[in-house]
Amino acid sequence: MLNLAHFFRSEYSPASNSKTNRATSALPCPDLISDPYQILKQLKELAHQADLGRLLFLIEGDTRGSPLKSFDLDIEKQTIEIETFELQANMIGKYLTFIGNCHEYRIAFSGKVLMQSSPHRLSLTWPSEIIHTSGREYYRIHPKNKFPVLVKTPTKQLNGHLYDLSEGGIGIRISASDHAYFQELSDHEVIILLAGHHLITQVSICNQTSRDANLAMRIGFAFTHIAPQEQAKLRKILLQLQSRH
């Protein structure tokens, strides 16, 4: 079993009492591959990585990855057939996330279990989208659904919707009228309520954009100080949202 941190971060750091993330001038985002031909090409590459033991899968809700015994493609049916080393029970309907290092970049995607012919063999849906990262410090997701985000301080509660999320920070869509209040959060500790989780972290504004200053805008926060237990929550949120986005 390998620690997921090796794949979500370009460099792995052992847990300590606190963690400081370098603030960036802009929140990077991964490339999203949706072209069918390119998806097939990437899946073939992942099949090769699986043969080398470099592809991990994670069961929805887990925080640690497991290697695969085999990773095969049924191009005609557009399904993925995998064989695991460990016994898997009652997996039909659950989501698996695959993460692998290919050359200088990383790839991730999720699939739903369609059929389980044995405790070791599973058939999964063909992905409609693959996340491809290259030279990026943090793995980032852009959920398609509008997930509400509540940011709490000792004196105020602020509402928004999730734009993107990584281990390094969060992007939130907010009402332009709340902009001044969100500005005050920089360099302060907040509680972020997202996807049923409470995340405690210190934040700092790293970017902000607006198409219409009178309606809405997007604001990006870097997590500048986050405890190990909160980092573990954050990884769980990332897996949860990636499996459903």
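For the structure, see preceding data.
Rules used throughout
- Residues numbered from 1 in each chain as written.
- Predicted model: local features only at pLDDT ≥ 70, side-chain atom pairs only at ≥ 80, totals over all residues.
- Heavy atoms only, no water.
- Helix = DSSP H or I, 4+ residues; strand = E, 2+ residues; numbered from the N terminus.
- Contact = heavy atoms within 4.5 Å.
- Areas by Shrake-Rupley, 256 points an atom, 1.4 Å probe, with all protein chains shown as cover.
- Buried < 20%, exposed > 50% of the residue type's maximum accessible area, 1.4 Å probe, protein only.
- Phe/Tyr/Trp six-rings, centres within 6.5 Å; stacked < 30°, edge-to-face > 60°.
- Salt bridge = Lys/Arg side-chain N within 4 Å of Asp/Glu carboxyl O.
- Core = buried A, V, L, I, M, F, W, Y, C linked by side-chain atoms within 4.5 Å.
- Expected span 1.5 Å × (residues − 1).
- Polar contact = N/O pair within 3.5 Å; in protein donor to acceptor, adjacent residues only side chain to side chain.
- Pairing = 2+ DSSP bridges.

Undergrad: Please give an account of the overall build of the protein chain that cites residues and values.
TA: Check the secondary structure of the protein chain and you find four helices and 16 strands. In the protein chain, once contacts between residues fewer than 6 apart in sequence are set aside, the share between residues at least 24 apart is 63%. For the protein chain, the exposed area adds up to about 12,400 Å²; of that, 49% sits on carbon and sulfur atoms.

Undergrad: Residue-level account of unusual backbone geometry, with values.
TA: For Gln-78, which is not a glycine, the phi torsion comes out positive at approximately 55°. Inspection of the secondary structure puts Gln-78 in the loop between β4 (64–74) and β5 (79–84). Classification of Gln-78 as partly exposed rests on a relative accessible area of 44%. Look at Asn-90: it is not a glycine, yet its phi comes out positive at around 50°. With respect to the helices and strands, the residue Asn-90 is situated in the loop between β5 and β6 (95–102).

Undergrad: Can you explain the packing of aromatic side chains? Please cite residues and give values.
TA: The final tally for this structure, using the stated rule, is three aromatic pairs. Ring geometry for Phe-182 against Phe-221: centres 6.4 Å apart, planes inclined by 35°, an arrangement best described as tilted. Separated by 39 residues along the polypeptide, Phe-182 in helix α3 (residues 179–183) and Phe-221 in strand β16 (residues 216–225) bring together distant segments of the chain. In this structure, Phe-182 and Phe-221 share a single accessibility class: buried.

Undergrad: Go over the pattern of salt bridges with me, naming the residues and quoting the values.
TA: Throughout the structure, instances matching the rule amount to four salt bridges. Across the salt bridge formed by Arg-121 and Glu-83, the nearest N and O atoms sit 3.0 Å from each other. Placement of Arg-121 in strand β8 (residues 121–125) and of Glu-83 in strand β5 is noted, with a sequence separation of 38 residues between them. Between Glu-230 and Lys-233 there is a salt bridge whose closest N-O contact spans 3.3 Å. A residue pair is termed a helical-turn pair when its members lie 3 or 4 positions apart in one helix, as Glu-230 and Lys-233 do in helix α4 (residues 228–244) at three residues. Residue classification places Lys-233 among the partly exposed positions, given a relative accessible area of 29%. Several salt bridges share partner residues, and in doing so they unite Lys-69, Glu-83 and Arg-121 into one network.

Undergrad: I'd like a description of the nonpolar core, backed by residues and values.
TA: The biggest cluster of nonpolar side chains holds 32 residues, and the ones touching the most others in it are Leu-165, Ile-170, Ile-172, Phe-182, Leu-194 and Phe-221. Of all elements in the fold, only β11 (148–152), β12 (157–166), β13 (169–175), β14 (188–194), β15 (197–212), β16 and α4 reach the threshold of two or more residues within this core. Here this core gets five residues from one element, more than from any other, and that element is α4. Beyond its immediate chain neighbours, meaning those up to four positions away, Leu-194 contacts Phe-147, Pro-148, Val-149, Leu-162, Leu-165, Ile-170, Ile-237 and Leu-241. Judged by nonpolar contacts, the second largest core, of 24 residues, contains Leu-55, Phe-71, Ile-82 and Phe-98.

Undergrad: Lay out helix α2 (residues 36–51) in plain terms, naming residues and giving numbers.
TA: The α-helix advances 3.6 residues per turn, and as a result positions three or four apart in sequence lie on the same side. The terminal C-alpha atoms of α2, which comprises 16 residues, lie 23 Å apart, in line with the 22 Å expected from a rise of 1.5 Å per residue. Backbone geometry just after α2 places Gly-53 at a positive phi near 75°.

Undergrad: With reference to specific residues and values, describe the environment of Ile-141.
TA: Considering the arrangement of structural elements, one finds Ile-141 in strand β10 (residues 140–141). Judged by its relative accessible area of 1%, Ile-141 falls in the buried class. Note: C-alpha distance between Ile-141 and Tyr-163 (22 residues apart in sequence) is 8.7 Å.

Undergrad: Just give me the short version of the environment of Thr-79, but keep the residues and values in it.
TA: Looking at the element boundaries, Thr-79 is found in strand β5. Overall, the relative accessible area of 10% leaves Thr-79 in the buried class. C-alpha separation for the pair Thr-79 and Gly-111, spaced 32 residues apart in sequence, amounts to 9.4 Å. Each residue touching Thr-79, except ones within four places of it in the same chain, is listed here: Asp-72, Leu-73, Asp-74, Leu-114, Ser-123, Leu-124 and Trp-126. Within the structure, the side chain of Thr-79 is placed 2.8 Å from the side chain of Glu-81, a separation counted as a polar contact.

Undergrad: Report on the pairing of β16, specifying residues and quantitative values.
TA: Among the 10 residues of β16, seven are classified as buried, and the element is accordingly described as predominantly covered. Taken together, the seven bridges between β13 and β16 define a ladder with antiparallel strand orientation. Residue Ile-174 lies in a different strand from β16, and its bridge partner there is Met-217.

Everything listed here is a matter of coordinates, which is why it stays silent on function.
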